[in-house]
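# Structural overview for review
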Amino acid sequence: MVIAGPGSGKTTVITNRIRYLIFERKIPPEQLLVITFTAAAAEEMRSRYLKLCDLTGTKVTFGTFHSVFLQFLIRYSGFSKFRLASAEESVSILRSVFQKHHPDRNYTSDFFEHLLGSISKFKNGLGTPDPFLRDIVLEYDRLLHGRQLMDFDDMLTCCLQMLRSDPSVLESLRSEYRFLMVDEFQDINPVQFECVRLLAAPSDNLFVVGDDDQSIYAFRGSDPGIMLSFRKYYPKARFLELLYNYRSSETIVQSASRVIRHNKKRYAKEFRPMNQGGVPVSVRSFYDMEEEANVIAAEIAHLPDEVKSVGILYRKHRDALAVRKVVGTKLKDGSICRKEISFLSFHSSKGLEFDVVYMINVQEQEPRHGEAPAAFYEEERRLFYVAMTRARRILHISYTNYHYNKRHKKCRFLKETGAEGLFALIFGRGARD
């Protein structure tokens, strides 16, 4: 296991290990299976490996859990007529289920994203079965499968069932893929991990890379406890740490470290910045989202030319509506130019980096009914940490005191940054608050 923090070069480690196995240890490339969680990450690893070795192609298999498992199912279980549903297709089908039963109600994208997470847990046997959710899942699956689509969870559970029930299939795959590597291991869920364990046994040529502090997909069933318990599953495993952050400034690394060390369920570690100094992280308050939007848009318009990328990150989509509108207007009238501006949720920003990051409208979140508060706030802190560590040079965190005339509760993580009171480029009422 390699514990690799933000900006520590984990992709470099994986690609160099592949090169070492093939060119130094003479392992046939077709025996290597490299799995991660997004198609973009899989393609990035593949292209980085080809560039490293000056190759135009390779027989190494790079893929996501879902693309790899789907190929297994097509090859051995007759799923050739099915294809993987996109996230948009899953939401569309789920929306049609709700419109049928509640035609007079509107639901936000955040609602359906959370519901898909609940469905994922339900299908993977996690959480307490809910009669209402069971009915939703039955109708959702009927519509999904009627279009010859499978969602991610169907793929995982069907693949696990196949590996458990058919020894000949399992033995064939073990012989084909003798070396397994898993990227972003902190995001693995129990079904995925059981599949990996079955495939890797009995030789256990397993190499995993991850950072337990960046486990942010509990709503999809991922479990950082798997990474934290790795030694229990593999007592003879070697543990390595990549402790140098090559991405962010010293001020950003120190502030992010102050936040994440408040979590109790984690590997104790301290990441070290390679980039010394830097602009202090700022935590700023604004009266409302309109004021926040105007200030941020004005700042972006005056950023120096050497700042090429700006990330505007938010917890929920509705938190960015005001900023998106004002920045969009300035982009159209030419006030903002020569900048790549990305609007992303905290979750969607994972794996990316920007010269300047604005974490906007940061408010205290509350656990939903039935959620354990301790686990909830540790997950929220990890999500906050992921967003902070997307920044290379400058990080601004802001919150609004009022939202639609309702007083907001201040996020507990703001104090942990050690940056409260460090106000930079503040305008208007926000400075007084």
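Provided above is the structure to which this section pertains.
Residues numbered from 1 in each chain as written. Predicted model: local features only at pLDDT ≥ 70, side-chain atom pairs only at ≥ 80, totals over all residues. Heavy atoms only, no water.

On to the overall build of the chain, then. Along the chain, the regular secondary structure elements total 17 helices and 17 strands. For 433 residues, the compact-globule estimate of 2.2 N^0.38 gives 22 Å, and the C-alpha radius of gyration of the chain, at 23 Å, lies within 12% of that figure. Projected onto the principal axes, the alpha-carbon positions of the chain cover approximately 70 × 55 × 45 Å. Buried residues in the chain amount to 51% of all 433 residues. Of the roughly 20,900 Å² that the chain leaves accessible, carbon and sulfur atoms contribute 52%. Computed over 63 positive and 53 negative side-chain charges, the inter-centroid distance for the chain is 2 Å. (Helix = DSSP H or I, 4+ residues; strand = E, 2+ residues; numbered from the N terminus. Rg over C-alpha atoms; globule rule 2.2 N^0.38 Å. Buried < 20%, exposed > 50% of the residue type's maximum accessible area, 1.4 Å probe, protein only. Areas by Shrake-Rupley, 256 points an atom, 1.4 Å probe, with all protein chains shown as cover. Lys, Arg positive; Asp, Glu negative; His and termini not counted. Charge placed at Lys NZ, Arg CZ, Asp CG, Glu CD.)

Here helix α3 (residues 65-77) spans 17 Å end to end across 13 residues, near enough to the 18 Å set by a 1.5 Å rise per residue. Buried within α3 we find Phe65, His66, Val68, Phe69, Leu70, Phe72 and Leu73. (Expected span 1.5 Å × (residues − 1).)

Another aspect to go through is the packing of α3 against helix α8 (residues 167-176). Axis separation between α3 and α8 bottoms out at 12 Å; the angle between their running directions is 130°. Classified by the interaxial angle, the pair formed by α3 and α8 is oblique. In this structure, α3 meets α8 at a crossing whose hand is right-handed. In contact with Phe72, Arg75 and Tyr76 of α3, α8 contributes Val169, Ser172, Leu173 and Glu176. (Axes fitted to C-alpha atoms, helices over the stretch in contact; angles between N-to-C directions. Parallel < 35°, antiparallel > 145°, perpendicular 65-115°, else oblique. Left-handed = near helix turned anticlockwise from the far one by under 90°. Contact = heavy atoms within 4.5 Å.)

Further remarks concern helix α2 (residues 39-52). In an α-helix, one turn spans 3.6 residues; hence positions three or four apart end up facing the same way. For α2, which comprises 14 residues, the first-to-last C-alpha distance of 20 Å matches the rise-based estimate of 20 Å (1.5 Å per residue) to within 8%. Buried positions along α2 lie against α1 (10-24), β2 (32-36) and β3 (61-64). Immediately beyond the C-terminal end of α2, within one or two residues, lies Asp54, with a positive phi of roughly 55°.

Our focus in this paragraph is the sheet that holds strand β13 (residues 340-345). The strands making up a sheet associate through backbone hydrogen bonding, with each pair oriented either parallel or antiparallel. The parallel open sheet is built from 5 strands, whose spatial order is β11-β15-β14-β12-β13. Both outer strands of the open sheet, β11 (282-286) and β13, are each paired with one neighbouring strand and no more. Going from strand to strand, the sheet's axes swing by 20° on average, the running direction of each strand aside. In terms of strand pairing, strand β12 (residues 309-314) meets β13 through 6 bridges, oriented parallel. (Pairing = 2+ DSSP bridges.)

Inspection of the secondary structure assignment puts Ser120 in helix α5 (residues 109-123). Note on Ser120: relative accessible area 5%, which makes it buried. Residues Ser120 and Glu176, 56 residues apart in the sequence, show an inter-C-alpha distance of 30 Å. Every residue in contact with Ser120, bar those within four places of it in the chain, is listed here: Asp153 and Arg220.

Counted by the stated rule, this structure contains 29 salt bridges. A salt bridge links Lys10 to Glu184, with the shortest nitrogen-to-oxygen separation between them at 3.2 Å. Of this pair, Lys10 sits in helix α1 while Glu184 sits in the loop between β6 (179-182) and α9 (190-200); the two residues are 174 residues apart in sequence, bridging distant segments of the chain. Through salt bridges that share partners, Lys10, Asp183, Glu184, Asp187 and Lys350 make up one connected network. (Salt bridge = Lys/Arg side-chain N within 4 Å of Asp/Glu carboxyl O.)

What follows deals with the packing of aromatic side chains. Given two aromatic rings, their pairing is described by the distance between the two centres and the angle made by the two planes. Counted under the stated rule, the structure contains 17 aromatic pairs. Ring geometry for Phe37 and Phe65: centres 5.0 Å apart, planes at 55°, overall tilted. Here Phe37, found in the loop between β2 and α2, pairs with Phe65, found in helix α3; they are 28 residues apart in sequence, far enough to count as distant. Relative to Tyr233, the ring of Phe193 has its centre 4.9 Å away and its plane inclined at 80°; by these criteria the two rings are edge-to-face. (Phe/Tyr/Trp six-rings, centres within 6.5 Å; stacked < 30°, edge-to-face > 60°.)

Here we come to the sheet that holds strand β7 (residues 206-210). Taking strand neighbours across the sheet as the criterion, the 6 strands line up as β3-β2-β6-β7-β1-β8 in an open arrangement whose pairing is parallel. Looking along the sheet, the strands with just one partner apiece sit at the ends: β3 and β8 (240-242). Neighbour-to-neighbour, the strand axes of this sheet turn through a mean angle of 15°, independent of strand direction. Looking at chain direction, β2 and β3 are connected through 4 bridges and run parallel. Pairing of Thr36 across the sheet is with Thr64, part of β3. Packing of α2 onto the sheet brings it into contact with β2 and β3, and relative to β3 it is tilted by some 160°.

Moving on: the environment of Lys269. Looking at where Lys269 falls in the secondary structure, it is placed in the loop between α12 (250-260) and β10 (272-275). Assessed through its relative accessible area of 7%, Lys269 is described here as buried. Distance from Lys269 to Asp213, taken between C-alpha atoms, is 10.0 Å for residues 56 residues apart in sequence. Excluding residues that lie within four positions of it along the chain, Lys269 makes contacts with Ile3, Asp211, Asp212, Asp213, Glu241 and Leu243. Polar contacts involving the side chain of Lys269 include one to the side chain of Asp213, which spans 3.1 Å. A distance of 2.8 Å separates the side chain of Lys269 from the backbone oxygen of Tyr267, its partner in a polar contact. (Polar contact = N/O pair within 3.5 Å; in protein donor to acceptor, adjacent residues only side chain to side chain.)

Take a nonpolar patch on the surface next. A surface patch of nonpolar side chains, amounting to about 320 Å² of accessible area, comprises Tyr244, Tyr246 and Met274. Within the secondary structure, Met274 sits in strand β10. Here Met274 falls in the partly exposed class, since its relative accessible area comes to 41%. (Patch = residues over 30% accessible without salt bridge, like charges linked within 9 Å, V, L, I, M, F, W, Y side chains within 5 Å.)

Turning our attention to the nonpolar core. Of all hydrophobic cores here, the largest spans 40 residues; its most connected members are Phe69, Phe72, Leu163, Phe185 and Leu206. Considering each element in turn, this core owes the most residues, 7 residues, to α9. Excluding anything up to four places from it in sequence, Leu163 contacts Leu170, Leu173, Cys195, Leu198 and Leu199. Judged by nonpolar contacts, the second largest core, of 31 residues, contains Ile216, Val362, Cys411 and Ala419. (Core = buried A, V, L, I, M, F, W, Y, C linked by side-chain atoms within 4.5 Å.)

Honestly, it's all geometry; don't read function into it.
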